[in-house]
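# Geometric and topological summary
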Amino acid sequence: MAIAVGPPQRTLAFGPRGATPLREFLGEARALAATLGEGGCVVNLCEDRHRFLTGFCAAALRGKTTLLPSSRAPEVVADVQRRHPSNQLLDDAAVAAVIASAPAAVNDIPGVAADALAAIGFTSGSTGVPQANPKTWGAFATSTAQNLAALRDLWPADAQAQVVATVPPQHMYGMELSVLLPLLGGAAVHEARPFFPADIARVLADAAHTRLLVTTPVHLRALLASGVALPPLAGIVSATAPLPAELALQAEDRFGCEVRELFGSTETCVIARRRTAREAAWTPLPGVRIAALEYATEVRAAHLPAPVQLADRMEVDAEGRFILRGRQSDLLEIAGKRASLGDLTRRLLDIPGVEDACVFQPAVAPGEVARVAALVVAPTRSEAQILDALRAGVDPAFLPRPLRKVAALPRNETGKLPRAELLDLLRRCKS
(Lines give C-alpha, C1' and ligand atoms only; values in the text may rest on other atoms or scores of the structure.)
Protein backbone atom coordinates (compact mmCIF):
# COMPACT_ATOMS: atom_id res chain seq x y z
CA MET A 1 0.00 0.00 0.00
CA ALA A 2 1.11 3.61 -0.65
CA ILE A 3 2.58 5.55 2.26
CA ALA A 4 0.54 8.58 1.12
CA VAL A 5 -2.30 9.28 -1.30
CA GLY A 6 -2.90 11.95 -3.92
CA PRO A 7 -0.83 13.57 -6.66
CA PRO A 8 2.78 14.46 -5.79
CA GLN A 9 2.09 18.17 -6.21
CA ARG A 10 -0.70 18.37 -3.64
CA THR A 11 -0.06 20.18 -0.35
CA LEU A 12 0.71 17.96 2.62
CA ALA A 13 1.80 20.52 5.23
CA PHE A 14 1.69 24.30 5.52
CA GLY A 15 2.66 27.09 7.87
CA PRO A 16 4.01 30.65 8.00
CA ARG A 17 6.77 29.71 5.54
CA GLY A 18 4.28 28.45 2.97
CA ALA A 19 3.11 25.07 1.70
CA THR A 20 5.09 21.83 1.37
CA PRO A 21 4.02 19.64 -1.58
CA LEU A 22 3.87 15.89 -1.05
CA ARG A 23 6.82 15.32 -3.41
CA GLU A 24 9.10 17.62 -1.38
CA PHE A 25 7.98 15.96 1.83
CA LEU A 26 8.77 12.51 0.45
CA GLY A 27 12.26 13.69 -0.44
CA GLU A 28 12.74 14.86 3.14
CA ALA A 29 11.46 11.56 4.53
CA ARG A 30 13.74 9.54 2.25
CA ALA A 31 16.76 11.65 3.28
CA LEU A 32 15.98 11.18 6.97
CA ALA A 33 15.43 7.44 6.48
CA ALA A 34 18.98 7.17 5.11
CA THR A 35 20.31 8.36 8.49
CA LEU A 36 18.42 5.73 10.49
CA GLY A 37 19.49 2.18 11.21
CA GLU A 38 17.33 -0.72 10.08
CA GLY A 39 14.72 -2.38 12.28
CA GLY A 40 13.82 -1.59 15.85
CA CYS A 41 11.75 1.38 16.94
CA VAL A 42 11.74 5.17 16.83
CA VAL A 43 10.51 7.35 19.69
CA ASN A 44 9.13 10.38 17.83
CA LEU A 45 9.06 13.42 20.13
CA CYS A 46 8.70 16.08 17.42
CA GLU A 47 6.27 18.87 18.33
CA ASP A 48 6.30 20.42 14.87
CA ARG A 49 3.80 18.36 12.88
CA HIS A 50 5.73 18.60 9.60
CA ARG A 51 8.79 17.17 11.33
CA PHE A 52 6.73 14.52 13.10
CA LEU A 53 5.31 13.39 9.74
CA THR A 54 8.82 13.30 8.30
CA GLY A 55 10.09 11.16 11.17
CA PHE A 56 7.05 8.88 11.04
CA CYS A 57 7.42 8.17 7.31
CA ALA A 58 11.22 7.91 7.49
CA ALA A 59 10.86 5.25 10.18
CA ALA A 60 8.41 3.32 8.01
CA LEU A 61 10.75 3.46 5.03
CA ARG A 62 13.43 1.81 7.19
CA GLY A 63 11.07 -0.86 8.53
CA LYS A 64 10.86 0.76 11.95
CA THR A 65 7.89 1.08 14.29
CA THR A 66 7.08 4.51 15.76
CA LEU A 67 6.51 4.59 19.53
CA LEU A 68 3.95 7.15 20.70
CA PRO A 69 4.42 8.04 24.39
CA SER A 70 1.34 9.61 25.92
CA SER A 71 3.38 12.71 26.78
CA ARG A 72 6.91 14.06 26.43
CA ALA A 73 7.44 14.04 30.20
CA PRO A 74 10.90 12.51 30.82
CA GLU A 75 9.58 9.72 33.06
CA VAL A 76 6.92 8.77 30.49
CA VAL A 77 9.44 8.68 27.64
CA ALA A 78 11.90 6.70 29.78
CA ASP A 79 9.19 4.12 30.56
CA VAL A 80 8.47 3.65 26.84
CA GLN A 81 12.19 3.27 26.12
CA ARG A 82 12.55 0.66 28.86
CA ARG A 83 9.74 -1.38 27.30
CA HIS A 84 11.39 -1.20 23.87
CA PRO A 85 15.15 -1.00 24.44
CA SER A 86 16.07 -1.15 20.73
CA ASN A 87 15.03 2.39 19.86
CA GLN A 88 16.19 5.69 18.40
CA LEU A 89 15.05 9.09 19.61
CA LEU A 90 13.86 11.66 17.06
CA ASP A 91 13.25 15.27 18.05
CA ASP A 92 12.64 18.53 16.21
CA ALA A 93 16.31 19.50 16.03
CA ALA A 94 17.39 16.19 14.46
CA VAL A 95 14.67 16.24 11.82
CA ALA A 96 15.02 19.97 11.07
CA ALA A 97 18.71 19.49 10.27
CA VAL A 98 17.81 17.01 7.51
CA ILE A 99 14.95 19.12 6.13
CA ALA A 100 17.26 22.15 5.97
CA SER A 101 19.58 20.31 3.57
CA ALA A 102 16.89 20.64 0.87
CA PRO A 103 16.82 17.01 -0.37
CA ALA A 104 15.57 16.27 -3.87
CA ALA A 105 11.83 15.96 -4.44
CA VAL A 106 10.37 12.48 -5.04
CA ASN A 107 7.59 12.03 -7.59
CA ASP A 108 7.07 8.30 -7.03
CA ILE A 109 5.20 7.51 -3.83
CA PRO A 110 6.85 4.63 -1.93
CA GLY A 111 4.88 1.72 -0.54
CA VAL A 112 4.72 -0.01 2.84
CA ALA A 113 3.46 -3.48 3.71
CA ALA A 114 -0.12 -3.45 4.98
CA ASP A 115 0.81 -5.82 7.80
CA ALA A 116 3.88 -3.78 8.84
CA LEU A 117 3.69 -2.44 12.39
CA ALA A 118 3.34 1.32 11.89
CA ALA A 119 3.06 2.48 15.49
CA ILE A 120 2.52 1.51 19.09
CA GLY A 121 0.31 3.92 20.99
CA PHE A 122 0.21 4.11 24.77
CA THR A 123 -2.84 4.94 26.84
CA SER A 124 -2.62 8.09 28.95
CA GLY A 125 -2.65 6.41 32.34
CA SER A 126 -5.76 8.35 33.39
CA THR A 127 -7.17 5.12 34.83
CA GLY A 128 -3.96 3.34 35.78
CA VAL A 129 -0.76 2.07 34.13
CA PRO A 130 -0.31 3.06 30.43
CA GLN A 131 -1.01 0.16 28.08
CA ALA A 132 0.64 -0.50 24.69
CA ASN A 133 -1.55 -0.78 21.58
CA PRO A 134 0.09 -1.85 18.27
CA LYS A 135 -1.29 -0.57 14.94
CA THR A 136 -0.47 -1.81 11.43
CA TRP A 137 -0.41 0.32 8.28
CA GLY A 138 -3.38 -1.62 6.93
CA ALA A 139 -5.41 -0.94 10.07
CA PHE A 140 -4.52 2.75 9.89
CA ALA A 141 -5.60 2.92 6.25
CA THR A 142 -8.96 1.36 7.08
CA SER A 143 -9.60 3.57 10.11
CA THR A 144 -8.57 6.69 8.14
CA ALA A 145 -11.13 5.84 5.44
CA GLN A 146 -13.75 5.56 8.20
CA ASN A 147 -12.73 8.91 9.69
CA LEU A 148 -12.87 10.56 6.28
CA ALA A 149 -16.38 9.17 5.76
CA ALA A 150 -17.40 10.61 9.14
CA LEU A 151 -16.10 14.11 8.34
CA ARG A 152 -16.12 14.50 4.56
CA ASP A 153 -19.42 16.40 4.35
CA LEU A 154 -17.99 19.26 6.42
CA TRP A 155 -16.15 20.72 3.42
CA PRO A 156 -16.93 20.99 -0.34
CA ALA A 157 -16.28 17.95 -2.51
CA ASP A 158 -13.75 19.82 -4.66
CA ALA A 159 -11.80 21.31 -1.73
CA GLN A 160 -8.90 20.06 0.38
CA ALA A 161 -9.38 20.22 4.15
CA GLN A 162 -6.68 22.27 5.89
CA VAL A 163 -6.29 20.88 9.39
CA VAL A 164 -5.20 22.89 12.42
CA ALA A 165 -4.82 20.68 15.50
CA THR A 166 -4.37 21.66 19.14
CA VAL A 167 -3.59 18.06 20.12
CA PRO A 168 -0.14 16.45 19.87
CA PRO A 169 0.57 13.94 17.08
CA GLN A 170 1.73 11.37 19.66
CA HIS A 171 -1.82 11.03 21.00
CA MET A 172 -3.94 8.57 18.98
CA TYR A 173 -6.60 11.20 18.23
CA GLY A 174 -3.86 13.59 17.08
CA MET A 175 -2.26 10.78 15.07
CA GLU A 176 -5.53 9.92 13.32
CA LEU A 177 -6.68 13.46 12.49
CA SER A 178 -3.43 15.39 12.00
CA VAL A 179 -1.03 12.72 10.68
CA LEU A 180 -3.01 9.93 9.00
CA LEU A 181 -5.77 12.14 7.57
CA PRO A 182 -3.12 14.23 5.72
CA LEU A 183 -1.14 11.15 4.63
CA LEU A 184 -3.92 8.69 3.79
CA GLY A 185 -6.97 10.97 3.53
CA GLY A 186 -5.67 13.74 1.27
CA ALA A 187 -5.90 16.60 3.78
CA ALA A 188 -3.22 19.20 4.51
CA VAL A 189 -2.05 20.00 8.05
CA HIS A 190 -0.53 23.04 9.73
CA GLU A 191 2.89 22.34 11.19
CA ALA A 192 2.16 24.03 14.53
CA ARG A 193 0.28 22.89 17.62
CA PRO A 194 -1.28 26.11 18.96
CA PHE A 195 -2.30 26.17 22.61
CA PHE A 196 -3.62 29.61 23.63
CA PRO A 197 -6.73 31.09 21.95
CA ALA A 198 -4.79 33.88 20.23
CA ASP A 199 -2.32 31.34 18.86
CA ILE A 200 -5.16 29.17 17.53
CA ALA A 201 -6.65 32.18 15.72
CA ARG A 202 -3.25 33.13 14.27
CA VAL A 203 -2.51 29.61 13.03
CA LEU A 204 -5.97 29.24 11.49
CA ALA A 205 -5.29 32.44 9.55
CA ASP A 206 -2.36 30.68 7.82
CA ALA A 207 -4.83 28.37 6.08
CA ALA A 208 -6.02 29.66 2.72
CA HIS A 209 -9.44 27.97 2.86
CA THR A 210 -11.52 25.06 4.21
CA ARG A 211 -10.22 25.25 7.79
CA LEU A 212 -10.88 22.22 10.01
CA LEU A 213 -10.09 22.78 13.68
CA VAL A 214 -9.20 19.55 15.50
CA THR A 215 -9.36 20.21 19.22
CA THR A 216 -10.62 19.21 22.68
CA PRO A 217 -13.35 20.40 25.05
CA VAL A 218 -10.69 22.13 27.21
CA HIS A 219 -9.40 24.19 24.28
CA LEU A 220 -12.92 24.86 23.00
CA ARG A 221 -13.99 26.19 26.39
CA ALA A 222 -10.93 28.45 26.49
CA LEU A 223 -11.66 29.77 22.99
CA LEU A 224 -15.20 30.72 23.97
CA ALA A 225 -14.13 32.33 27.24
CA SER A 226 -11.43 34.40 25.49
CA GLY A 227 -13.79 36.10 23.04
CA VAL A 228 -11.18 35.72 20.29
CA ALA A 229 -12.42 35.96 16.71
CA LEU A 230 -11.63 33.06 14.39
CA PRO A 231 -11.52 33.08 10.58
CA PRO A 232 -14.29 31.13 8.81
CA LEU A 233 -14.24 27.42 9.63
CA ALA A 234 -15.48 24.40 7.69
CA GLY A 235 -16.00 22.58 10.98
CA ILE A 236 -14.71 21.85 14.46
CA VAL A 237 -13.84 18.33 15.59
CA SER A 238 -13.63 17.47 19.29
CA ALA A 239 -12.50 14.40 21.20
CA THR A 240 -10.44 13.13 24.21
CA ALA A 241 -13.12 14.00 26.81
CA PRO A 242 -16.93 14.32 26.91
CA LEU A 243 -18.14 17.50 25.21
CA PRO A 244 -21.10 19.12 27.03
CA ALA A 245 -24.01 19.81 24.69
CA GLU A 246 -24.23 23.41 25.92
CA LEU A 247 -20.57 24.02 25.08
CA ALA A 248 -21.03 22.52 21.60
CA LEU A 249 -24.07 24.72 20.99
CA GLN A 250 -22.22 27.85 22.13
CA ALA A 251 -19.32 27.02 19.82
CA GLU A 252 -21.61 26.47 16.83
CA ASP A 253 -23.35 29.80 17.48
CA ARG A 254 -20.07 31.71 17.98
CA PHE A 255 -18.03 30.26 15.14
CA GLY A 256 -20.77 29.56 12.60
CA CYS A 257 -19.96 25.94 11.84
CA GLU A 258 -20.82 22.43 12.98
CA VAL A 259 -19.05 20.93 15.97
CA ARG A 260 -18.66 17.21 15.37
CA GLU A 261 -17.58 15.05 18.31
CA LEU A 262 -15.69 11.80 17.78
CA PHE A 263 -15.63 8.86 20.16
CA GLY A 264 -12.67 6.54 20.36
CA SER A 265 -9.73 5.32 22.37
CA THR A 266 -6.11 4.35 21.93
CA GLU A 267 -7.27 0.74 21.87
CA THR A 268 -9.93 1.18 19.16
CA CYS A 269 -9.09 4.43 17.31
CA VAL A 270 -12.17 6.53 16.41
CA ILE A 271 -15.32 4.41 16.24
CA ALA A 272 -18.30 6.81 16.35
CA ARG A 273 -19.48 10.38 15.74
CA ARG A 274 -22.27 12.73 16.73
CA ARG A 275 -23.33 16.37 16.42
CA THR A 276 -23.36 17.01 20.15
CA ALA A 277 -25.33 20.26 20.00
CA ARG A 278 -28.31 18.37 18.55
CA GLU A 279 -28.06 14.70 19.51
CA ALA A 280 -27.11 12.59 22.50
CA ALA A 281 -26.69 9.27 20.69
CA TRP A 282 -23.54 8.24 18.85
CA THR A 283 -23.52 6.81 15.32
CA PRO A 284 -20.86 4.11 14.76
CA LEU A 285 -18.55 4.66 11.80
CA PRO A 286 -18.97 2.37 8.75
CA GLY A 287 -18.04 -1.20 9.59
CA VAL A 288 -18.05 -0.66 13.37
CA ARG A 289 -20.34 -2.79 15.55
CA ILE A 290 -21.02 -2.10 19.22
CA ALA A 291 -22.36 -4.68 21.67
CA ALA A 292 -23.31 -3.85 25.25
CA LEU A 293 -22.08 -6.34 27.83
CA GLU A 294 -23.06 -6.44 31.50
CA TYR A 295 -20.14 -4.35 32.77
CA ALA A 296 -18.37 -3.28 29.57
CA THR A 297 -18.76 -2.81 25.82
CA GLU A 298 -17.41 -4.91 22.96
CA VAL A 299 -16.20 -3.20 19.79
CA ARG A 300 -15.76 -5.03 16.47
CA ALA A 301 -14.44 -3.23 13.39
CA ALA A 302 -12.62 -3.91 10.14
CA HIS A 303 -9.51 -2.11 11.39
CA LEU A 304 -9.32 -4.16 14.60
CA PRO A 305 -7.62 -7.59 14.45
CA ALA A 306 -9.87 -8.86 17.27
CA PRO A 307 -12.81 -7.59 19.32
CA VAL A 308 -11.87 -4.97 21.92
CA GLN A 309 -13.58 -4.56 25.27
CA LEU A 310 -13.95 -1.04 26.67
CA ALA A 311 -14.77 -0.17 30.26
CA ASP A 312 -17.48 2.22 29.05
CA ARG A 313 -21.08 1.17 29.65
CA MET A 314 -23.35 1.79 26.68
CA GLU A 315 -27.01 1.52 25.82
CA VAL A 316 -27.27 0.31 22.20
CA ASP A 317 -30.45 0.64 20.12
CA ALA A 318 -31.69 -1.62 17.34
CA GLU A 319 -29.88 0.43 14.67
CA GLY A 320 -26.55 0.21 16.46
CA ARG A 321 -26.52 3.80 17.77
CA PHE A 322 -25.53 4.10 21.39
CA ILE A 323 -25.63 6.35 24.43
CA LEU A 324 -22.84 6.38 26.98
CA ARG A 325 -23.86 5.49 30.52
CA GLY A 326 -20.44 6.02 32.11
CA ARG A 327 -17.64 3.68 33.09
CA GLN A 328 -18.06 0.91 35.58
CA SER A 329 -15.15 2.41 37.52
CA ASP A 330 -17.05 5.74 37.70
CA LEU A 331 -20.01 4.23 39.52
CA LEU A 332 -20.17 4.82 43.25
CA GLU A 333 -22.13 2.96 45.89
CA ILE A 334 -22.00 4.40 49.38
CA ALA A 335 -24.43 3.59 52.17
CA GLY A 336 -26.68 1.79 49.70
CA LYS A 337 -26.92 4.84 47.44
CA ARG A 338 -25.55 5.26 43.90
CA ALA A 339 -23.93 8.09 41.98
CA SER A 340 -21.25 8.56 39.34
CA LEU A 341 -17.99 10.49 39.34
CA GLY A 342 -18.85 12.02 35.96
CA ASP A 343 -22.17 13.41 37.16
CA LEU A 344 -20.60 14.83 40.34
CA THR A 345 -17.90 16.53 38.27
CA ARG A 346 -20.52 18.04 35.96
CA ARG A 347 -22.42 19.40 38.95
CA LEU A 348 -19.25 21.05 40.24
CA LEU A 349 -18.58 22.64 36.86
CA ASP A 350 -22.12 24.08 36.81
CA ILE A 351 -21.43 26.12 39.96
CA PRO A 352 -20.80 29.80 39.10
CA GLY A 353 -17.15 30.68 39.59
CA VAL A 354 -15.87 27.13 39.08
CA GLU A 355 -13.51 27.13 36.09
CA ASP A 356 -12.32 23.53 36.23
CA ALA A 357 -12.95 20.56 38.49
CA CYS A 358 -12.51 16.84 38.93
CA VAL A 359 -14.19 14.44 41.36
CA PHE A 360 -12.38 11.14 41.87
CA GLN A 361 -12.11 8.32 44.35
CA PRO A 362 -8.78 7.93 46.15
CA ALA A 363 -7.65 4.42 46.92
CA VAL A 364 -8.92 3.14 50.25
CA ALA A 365 -7.54 0.43 52.48
CA PRO A 366 -9.63 -2.70 53.16
CA GLY A 367 -12.29 -1.97 55.74
CA GLU A 368 -12.25 1.81 55.19
CA VAL A 369 -15.37 3.67 54.10
CA ALA A 370 -15.19 4.71 50.44
CA ARG A 371 -15.14 8.47 49.93
CA VAL A 372 -14.79 10.85 47.02
CA ALA A 373 -12.42 13.78 46.75
CA ALA A 374 -12.45 16.85 44.52
CA LEU A 375 -9.92 19.31 43.16
CA VAL A 376 -11.41 22.60 42.00
CA VAL A 377 -10.15 25.69 40.18
CA ALA A 378 -12.32 28.58 41.41
CA PRO A 379 -10.37 31.78 42.13
CA THR A 380 -13.40 33.75 43.34
CA ARG A 381 -15.06 31.11 45.52
CA SER A 382 -14.04 29.54 48.82
CA GLU A 383 -14.05 25.82 49.46
CA ALA A 384 -16.94 26.25 51.89
CA GLN A 385 -18.99 28.20 49.33
CA ILE A 386 -18.43 25.54 46.70
CA LEU A 387 -19.49 22.76 49.07
CA ASP A 388 -22.60 24.69 50.06
CA ALA A 389 -23.58 25.14 46.41
CA LEU A 390 -22.93 21.45 45.71
CA ARG A 391 -24.89 20.34 48.76
CA ALA A 392 -28.09 21.73 47.22
CA GLY A 393 -28.18 18.98 44.61
CA VAL A 394 -25.99 16.16 45.94
CA ASP A 395 -26.68 13.56 48.57
CA PRO A 396 -24.47 14.13 51.65
CA ALA A 397 -22.94 10.68 51.16
CA PHE A 398 -21.34 11.85 47.92
CA LEU A 399 -20.09 15.30 48.97
CA PRO A 400 -16.34 15.37 48.29
CA ARG A 401 -14.26 15.03 51.43
CA PRO A 402 -11.84 16.59 50.98
CA LEU A 403 -12.59 19.29 48.42
CA ARG A 404 -9.48 21.37 47.76
CA LYS A 405 -8.98 24.50 45.68
CA VAL A 406 -5.95 24.46 43.37
CA ALA A 407 -4.46 26.91 40.91
CA ALA A 408 -4.77 24.43 38.04
CA LEU A 409 -5.54 20.77 37.44
CA PRO A 410 -2.69 18.56 36.16
CA ARG A 411 -4.14 18.09 32.69
CA ASN A 412 -1.92 16.56 30.05
CA GLU A 413 -1.59 17.78 26.45
CA THR A 414 -5.01 16.45 25.48
CA GLY A 415 -6.80 17.69 28.60
CA LYS A 416 -6.91 14.36 30.40
CA LEU A 417 -6.11 13.93 34.09
CA PRO A 418 -3.69 11.07 34.85
CA ARG A 419 -4.78 9.44 38.08
CA ALA A 420 -1.27 9.38 39.57
CA GLU A 421 -0.97 13.16 39.18
CA LEU A 422 -4.40 13.76 40.73
CA LEU A 423 -3.46 11.69 43.75
CA ASP A 424 -0.10 13.45 44.06
CA LEU A 425 -1.72 16.89 43.91
CA LEU A 426 -4.30 15.87 46.51
CA ARG A 427 -1.53 14.66 48.85
CA ARG A 428 0.30 17.96 48.45
CA CYS A 429 -2.87 19.93 49.16
CA LYS A 430 -3.45 18.00 52.40
CA SER A 431 0.14 18.33 53.65
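Look up: the structure comes first, before these words.
Residues numbered from 1 in each chain as written. Predicted model: local features only at pLDDT ≥ 70, side-chain atom pairs only at ≥ 80, totals over all residues. Heavy atoms only, no water.

## Focus: the nonpolar core
In this structure, Phe 56, Phe 140, Met 175 and Leu 183 are the most contacted members of the largest nonpolar core, which totals 71 residues. Sort the elements by how many residues they give to this core and helix 6 (residues 172-185) lands first, with nine residues. Discounting residues that sit within four places of it in the chain, Phe 140 has contacts with Phe 56, Ala 118, Ala 119, Lys 135, Met 172, Met 175, Leu 180, Leu 184 and Cys 269. If you look at the next biggest cluster of nonpolar residues, it comprises 20 residues, including Leu 204, Leu 230, Leu 233 and Leu 247. (Core = buried A, V, L, I, M, F, W, Y, C linked by side-chain atoms within 4.5 Å. Buried < 20%, exposed > 50% of the residue type's maximum accessible area, 1.4 Å probe, protein only. Helix = DSSP H or I, 4+ residues; strand = E, 2+ residues; numbered from the N terminus. Contact = heavy atoms within 4.5 Å.)

## Some words on the environment of Gly 256
Its location among the elements puts Gly 256 in the loop between helix 9 (245-255) and strand 12 (259-265). Taking the C-alpha atoms as reference, Gly 256 lies 39 Å from Ala 105; in sequence the two are 151 residues apart.

## Overview of the packing of helix 2 (residues 49-61) against helix 6
Helix 6 packs onto helix 2 with a crossing angle of 65° between their chain directions and a minimal axis gap of 11 Å. Classified by the angle their axes make, helix 2 and helix 6 are roughly perpendicular. Crossing of helix 2 over helix 6 shows right-handed handedness. Across the interface between the two elements, Arg 49, Phe 52, Leu 53, Phe 56 and Cys 57 from helix 2 touch Met 175, Ser 178, Val 179, Leu 180 and Leu 183 from helix 6. Counted by class, the contact of helix 2 with helix 6 contains eight nonpolar, one polar and one charged residues. (Axes fitted to C-alpha atoms, helices over the stretch in contact; angles between N-to-C directions. Parallel < 35°, antiparallel > 145°, perpendicular 65-115°, else oblique. Left-handed = near helix turned anticlockwise from the far one by under 90°. Nonpolar A, V, L, I, M, F, W, Y, C, P; charged D, E, K, R; others polar.)

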